[in-house]
Amino acid sequence: MSDGVGILLPGQADFAAWRQQARRLLAAGVPPERVEWRVLGDQPGLFGGAPPPAEAAPVTASVPRAFLEQAEIAIRHRDPERFALLYRILWRIVRGEHGLMQVATDADIVRLQAMAKAVRRDAHKLHAFLRFRGIETEQGERYVAWFEPDHHILEAEAGFFIRRFAALRWSILTPEASAHWDGETLRIGAGGTRAEAPPEDAHEELWRAYYRSIFNPARMKPDAMRAEMPVKYWKNLPEARDIPRLMAEAPQRVAEMVARGATPAAPRRQRSLQPQAMPEVALPMSADLFSHTEDPAAALAALRAELERRNDLPPWTAAATQLVFGEGPPGAPLLFVGEQPGDEEDLAGRPFVGPAGRLFNRAAEEAGIDRPAAYVTNAVKHFKFKPTGRRRLHQSPDAGDITYYRPFLKREIELVAPQLVVSLGATALRALTGKPLAITKVRGELIETPDGLRVFPTVHPSYLLRLPDPESKAREYDRFVADLRAAKREVA
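In this text, all values refer to a predicted model and were calculated from it rather than measured experimentally.

Caption draft 1: Representation of the overall build of the protein within the structure. Along the backbone of the protein there are 16 helices and 14 strands. A buried classification covers 45% of the 492 residues belonging to the protein. Within the protein, contacts between residues at least 6 apart in sequence are counted, and of these 73% link residues at least 24 apart. If you sum the accessible surface of the protein, you get close to 26200 Å²; carbon and sulfur atoms cover 53% of it.

Caption draft 2: Local environment of the environment of L173. Within the element layout of this structure, L173 appears in strand β5 (residues 170-173). With 16 residues separating them along the chain, L173 and G189 place their C-alpha atoms 9.1 Å apart.

Caption draft 3: Spotlight on the sheet that holds strand β12 (residues 420-424). Spatially, the five strands line up as an open sheet ordered β9-β8-β12-β14-β13, and their pairing is mixed. Bordering the open sheet on either side are β9 (375-378) and β13 (447-448), each of which pairs with just one other strand. Where helix α12 (residues 399-416) meets the sheet, its contacts fall on β8 (334-338), β9 and β12, and the angle it forms with β9 comes to roughly 175°. Across the sheet, helix α13 (residues 426-433) touches β8, β12, β13 and β14 (454-458), and the angle it forms with β12 is around 135°.

Caption draft 4: Region of the structure containing the sheet that holds β5. As summarised here, the arrangement of the five strands in space is β3-β4-β5-β6-β7, forming an open sheet in which the pairing is mixed. In this open sheet, the two strands that pair with only one neighbour each are β3 (133-137) and β7 (186-190). With strand direction ignored, the average angle separating the axes of adjacent strands in the sheet is 25°. Sheet topology places strand β4 (residues 140-146) next to β5; four bridges connect them, and they run parallel. Following the sheet pairing, A145 is matched in β5 by I172.

Caption draft 5: Layout of the pairing of β5. Here β5 shows a buried face lined by W170 and I172 and a second buried face lined by S171 and L173. Tracing the backbone out of β4, into helix α5 (residues 154-164) and back to the parallel element β5 gives a crossover that is right-handed. Taken together, the four bridges between β5 and strand β6 (residues 177-181) define a ladder with antiparallel strand orientation. Bridged to L173 within β6 is S178.

Caption draft 6: Quick peek at the layout of surface pockets. Empty space within the second largest pocket amounts to approximately 800 Å³. Lining the second largest pocket are 35 residues, with A356, H394, H460, S462 and R466 sitting closest to its centre. Secondary structure elements with two or more residues in the lining of the second largest pocket: α10 (343-348), α11 (355-366), β11 (391-394), α13, α14 (439-442) and α15 (461-465). Considering only residue class, the lining of the second largest pocket consists of 13 nonpolar, 13 polar and nine charged.

Caption draft 7: Structural context of helix α2 (residues 65-74). The complete set of buried residues in α2 reads F67, Q70, A71, I73 and A74. Buried residues in α2, looked at end-on, bunch into an arc of 165°, giving them a common side.

Caption draft 8: Local environment of the confidence of the model for the protein. When the pLDDT values of the protein are averaged, the result is 85; 85% of them are 70 or greater. Here residues 46-50 is a poorly scored stretch, pLDDT under 50, and it has 14 contacts once near neighbours within four places are set aside; other chains count.

Caption draft 9: Layout of the packing of helix α3 (residues 82-94) against helix α4 (residues 107-129). Relative orientation of the contacting elements α3 and α4 amounts to 130°, with a least axis distance of 10 Å. Compared by their axis directions, α3 and α4 come out oblique. In this structure, α3 crosses over α4, and the sense of that crossing is left-handed. Here R82, L85, L86, R88, I89 and R92 of α3 lie close against α4, whose contacting residues are D108, I109, R111, L112 and M115. Among the residues making up the contact of α3 with α4, the classes are represented as six nonpolar, no polar and five charged.

Caption draft 10: Layout of the environment of G349. Residue placement: G349 occurs in the loop between α10 and α11. Sequence spacing of G349 and L323 is 26 residues, and the spatial spacing of their C-alpha atoms is 6.6 Å. Those residues in contact with G349, other than ones at most four positions away along the chain, are R304, Q322, L323 and V324.

Caption draft 11: Representation of the pattern of salt bridges in the model. If you walk through the whole model with that rule in mind, you get 24 salt bridges. Where E476 meets R443, a salt bridge forms, and the shortest distance between an N and an O atom there is 3.6 Å. Here E476 is found in helix α16 (residues 470-490), whereas its partner R443 is found in the loop between α14 and β13, with 33 residues between them in sequence. Judged by its relative accessible area of 10%, E476 falls in the buried class. Notably, a salt bridge pairs E476 with R479, separated by 3.9 Å at the nearest N-O pair.

Scoring rules and cut-offs
Residues numbered from 1 in each chain as written. Predicted model: local features only at pLDDT ≥ 70, side-chain atom pairs only at ≥ 80, totals over all residues. Heavy atoms only, no water. Helix = DSSP H or I, 4+ residues; strand = E, 2+ residues; numbered from the N terminus. Buried < 20%, exposed > 50% of the residue type's maximum accessible area, 1.4 Å probe, protein only. Contact = heavy atoms within 4.5 Å. Areas by Shrake-Rupley, 256 points an atom, 1.4 Å probe, with all protein chains shown as cover. Pairing = 2+ DSSP bridges. Axes fitted to C-alpha atoms, helices over the stretch in contact; angles between N-to-C directions. Right-handed = clockwise from strand over helix to strand, strands pointing away. 1 Å grid on protein atoms, 1.4 Å probe; cavity = no way out; pocket = protein on both sides within 12 Å on 5 of 7 lines; lining within 4 Å. Points joined across faces, edges and corners; volume = space filled by probe spheres on them. Nonpolar A, V, L, I, M, F, W, Y, C, P; charged D, E, K, R; others polar. Arc of directions from axis to C-beta. pLDDT = per-residue confidence, 0-100. Parallel < 35°, antiparallel > 145°, perpendicular 65-115°, else oblique. Left-handed = near helix turned anticlockwise from the far one by under 90°. Salt bridge = Lys/Arg side-chain N within 4 Å of Asp/Glu carboxyl O.

This is the structure we're talking about:
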């Protein structure tokens, strides 16, 4: 690789510089595998100081606008391979794959779109969760905010705050860089620390009052709230301290709203000039702001009772003996999700007591897992089968079955609050992630769902029972035990 080319870019998200260098590389006919991209300040790479190609005649091939738009966003991603990915896609387009951007299944395009989506989401969080606090300086009042973005978005998104707060003097501090606006000029400087941002100011109570006024108890959706406001932002948000109380009071407020009924419109709009102060939250701020303050064991029992008395269960559940709910202590560090109860579980009313469950228990013990301290459950809570003489032949749940039980599974996991969820088999993984994934591709990898759930996928123990020969059974059993050990290390 001594004929490789090293390209040094001046900034982490400098699209103009990347585009200029990419055009020079294309004109010189340098393929992607010969290029190493670095940013000023990085350590020298494989190609050291090999110079970029000399200027050449510009490339005349047209590039789709869709690529340029996606590339300008994706270049802000933190992945160090983003520059190489963009050049590889550009090279393929120029070299004949003109419709590449329309190939939704292409690995490079999937990765490009995922990067752009992650950057846009990070920008949305910056817009939504930045909180300015006022400080007095020699030049007058300045508003300062602290934020920890996942990607290199600060400079690109500073314009949003200029448009919104053009008349104010403000600074946004991040670990990587800072943005300073003096009312006329934007300056990008070095990164800062959280200690440099003020903890609170006189406007804090106004913001909290505004949040309380728009909180609608009748439309409270904890899962959606948790997905929209991840844990990392709570410490920066003054309204976070009010959320436990607002959620605890929500049922009573809804009941009062129903009791009052509709009220006639006021003859003219009224406006409160001063926010009504709210006493400090007496409830402790829990690890999860969006969980009600309740006894998890009692809440699990109530959830089970709710499932037992529902009249909209899938029709096939009428043939099952009983509901088979999860089992284990709330707060268990590991929660295991299987597919559905089998014949023995259906008769006993308990999960993981059949042949696959006994195999799982043995493997868990070998992996060093305290089995009584773990929580076990299934994605589907009733036994789905086809009668064949004296036997009841197991039938796999379909997508509709998984979808029906999914809200109950999510609530069950929320109440147990494990550190890690281990999915056993494809059905469990689909129930947890909301989409079909191949176990062979993700087995043993830590997956984080959009709502922040940490999932460790592996096979279902029934898979081991179906293997045809002793050698493969022994090999796959050892591999299964290794998976369980890896899951245990994640919560050690």
